[in-house]
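Each chain, written out:
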Amino acid sequence: AQSVTQLDSQVPVFEEAPVELRCNYSSSVSVYLFWYVQYPNQGLQLLLKYLSGSTLVKGINGFEAEFNKSQTSFHLRKPSVHISDTAEYFCAVSRFSGGYNKLIFGAGTRLAVHP
Amino acid sequence: NAGVTQTPKFRILKIGQSMTLQCAQDMNHNYMYWYRQDPGMGLKLIYYSVGAGITDKGEVPNGYNVSRSTTEDFPLRLELAAPSQTSVYFCASSYSLAGVTDTQYFGPGTRLTVL
């Protein structure tokens with residue numbers, strides 16, 4: 001069975017500092033990987049996704065993630081964060097079951113950007 | 001193009017009451033999903049649908065029912081509300097071709113409290 005582990009439940013950081021949000025997954029087969037962001041009192045919005053090809057994936061708002069197959073990781077990074085990046089971030093892996101792909105979500109990482 | 005819409009935004013129910021959470025999408029997506037989000041737990045799939053007239057259970061279906069009479073609408077029914085169903089409910093949709101599911105688009109959520 002596939003699972004997703006987000007290693008940090010909360011990450012405090014100062015504005016303009018770099019940040020890395022960690023995500024590890026367990027799977028014995030090829031996977032699709034996603035990062036979603038949830039701003040306060042809103043639904044989830046796709047940041048970026050890895051389906052195939054280049055292991056470095058660029059997303060919206062200056063975020064990027066690197067797929068590392070040997071370490072089964074898909075960490076999210078941003079070189080300089082803004083106050084507006086304060087949100088909850090979810091890593092997800094796609095699992096093929098019952099004839100289609102389902103998303104399995106991690107528990108989330110709350111990013112708090114301080115001035 | 002409104003995307004995925006959900007009503008109501010908030011609701012308080014008494015134990016044993018019933019209600020229907022509405023979800024609609026205008027993107028002509030074939031797949032639709034219902035998730036619940038509990039604090040620190042990520043999102044859990046309740047039910048999903050791969051097309052009009054076809055639904056199936058997700059990870060946590062007990063206490064819920066769904067129907068999909070049209071491509072656009074995917075209501076979630078709670079028959080006998082229990083405190084354990086206090087949660088934030090998200091509806092999502094995606095387009096899938098030949099079993100490969102692309103990005104899921106989420107609604108803004110319904111915050112339900114059962115007292």
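From a predicted model like this one, the values you see are computed outputs, not experimental measurements.

### Some remarks on the overall build of chain A
Looking only at helices and strands, chain A has 0 helices and 12 strands in total. Counted from the first residue to the last, chain A has its helices and strands arranged as β-β-β-β-β-β-β-β-β-β-β-β. Computed over the C-alpha atoms, the radius of gyration of chain A is 14 Å, within 12% of the 13 Å expected from 2.2 N^0.38 for a compact globule of 115 residues. By its C-alpha atoms, chain A is 45 × 30 × 20 Å across when sized along the principal axes. Residues counted as buried form 45% of the 115 residues belonging to chain A. Taking as baseline every contact in chain A between residues at least 6 positions apart, the subset at least 24 positions apart corresponds to 55%. A total accessible area of about 5,600 Å² is found for chain A, and carbon and sulfur atoms account for 51% of it. One finds the centroid of the 9 positive side-chain charges in chain A at a distance of 13 Å from the centroid of its 8 negative side-chain charges.

### A word on the packing of aromatic side chains
To describe a pair of aromatic rings, one takes the distance between the centres and the angle between the planes. Residue and element names in this part refer to chain A. Taken as a whole and judged by the stated rule, the model has 13 aromatic pairs over all chains. Geometrically, the ring pair formed by F34 and Y36 is stacked, given 6.3 Å between the ring centres and 25° between the ring planes. A residue is classified by how much of its surface remains accessible, and F34, at 1% relative accessible area, is buried. On the basis of relative accessibility, which here comes to 0%, the residue Y36 falls in the buried class.

### Quick notes on the environment of S18 of chain B
Residue and element names in this part refer to chain B. With respect to the helices, strands and loops of the structure, S18 is situated in the loop between strand 2 (10–13) and strand 3 (19–25). For S18, a relative accessible area of 33% translates into the label partly exposed. Sequence separation of S18 and T71 is 53 residues, and the distance between their C-alpha atoms is 24 Å. Once residues within four sequence positions are removed from consideration, S18 is found in contact with L13, R77, L78 and E79. Reaching out from S18, the side chain makes a polar contact with the side chain of R77 at a distance of 3.2 Å.

### Things to note about the pairing of strand 1 (residues 3–6) of chain A
Residues and elements named next belong to chain A. Burial of the side chains of strand 1 is restricted to one face: V4 and Q6 are buried, whereas none of S3 and T5 on the reverse face is. For strand 1 and strand 4 (residues 23–26), the ladder comprises 4 bridges, and the chain directions are antiparallel. Bridge assignment links V4 to a residue of strand 4, and that residue is Y25.

### Quick look at the nonpolar core
W35, L48, F74, L76 and Y89 of chain A are the most contacted members of the largest nonpolar core, which totals 29 residues. A total of 4 residues in this core trace back to one element, the largest contributor, which is strand 10 (residues 87–97) of chain A. Contact partners of L76 of chain A, with chain neighbours within four places excluded, come to V19, E20, L21, W35, L47, L48, F63, E64, A65 and Y89 of chain A. Grouped together as the second largest cluster of nonpolar side chains are 19 residues, V4, L13, C23 and F74 of chain B included.

### Brief notes about the interface of chain A and chain B
On the side of chain B, 22 residues touch chain A, which itself brings 20 residues to the contact. Summed over both sides, the interface of chain A with chain B buries roughly 1,700 Å², with 54% coming from carbon and sulfur. If you look at where chain A meets chain B, you find 0 salt bridges. Linking chain A to chain B there are 3 residue pairs in polar contact (both at pLDDT 80 or more). Examining the composition of the side of chain A that touches chain B, we find that 5 residues originate from one element, strand 11 (residues 100–105) of chain A, more than from any other. Looking at the side of chain A that touches chain B, its residues break down into 11 nonpolar, 7 polar and 2 charged.

The rules behind the values
- Residues numbered from 1 in each chain as written.
- Chains lettered and ligands numbered in written order.
- Predicted model: local features only at pLDDT ≥ 70, side-chain atom pairs only at ≥ 80, totals over all residues.
- Heavy atoms only, no water.
- Helix = DSSP H or I, 4+ residues; strand = E, 2+ residues; numbered from the N terminus.
- Rg over C-alpha atoms; globule rule 2.2 N^0.38 Å.
- Buried < 20%, exposed > 50% of the residue type's maximum accessible area, 1.4 Å probe, protein only.
- Contact = heavy atoms within 4.5 Å.
- Areas by Shrake-Rupley, 256 points an atom, 1.4 Å probe, with all protein chains shown as cover.
- Lys, Arg positive; Asp, Glu negative; His and termini not counted.
- Charge placed at Lys NZ, Arg CZ, Asp CG, Glu CD.
- Phe/Tyr/Trp six-rings, centres within 6.5 Å; stacked < 30°, edge-to-face > 60°.
- Polar contact = N/O pair within 3.5 Å; in protein donor to acceptor, adjacent residues only side chain to side chain.
- Pairing = 2+ DSSP bridges.
- Core = buried A, V, L, I, M, F, W, Y, C linked by side-chain atoms within 4.5 Å.
- Buried area = accessible area lost by both parts, 1.4 Å probe.
- Salt bridge = Lys/Arg side-chain N within 4 Å of Asp/Glu carboxyl O.
- Nonpolar A, V, L, I, M, F, W, Y, C, P; charged D, E, K, R; others polar.

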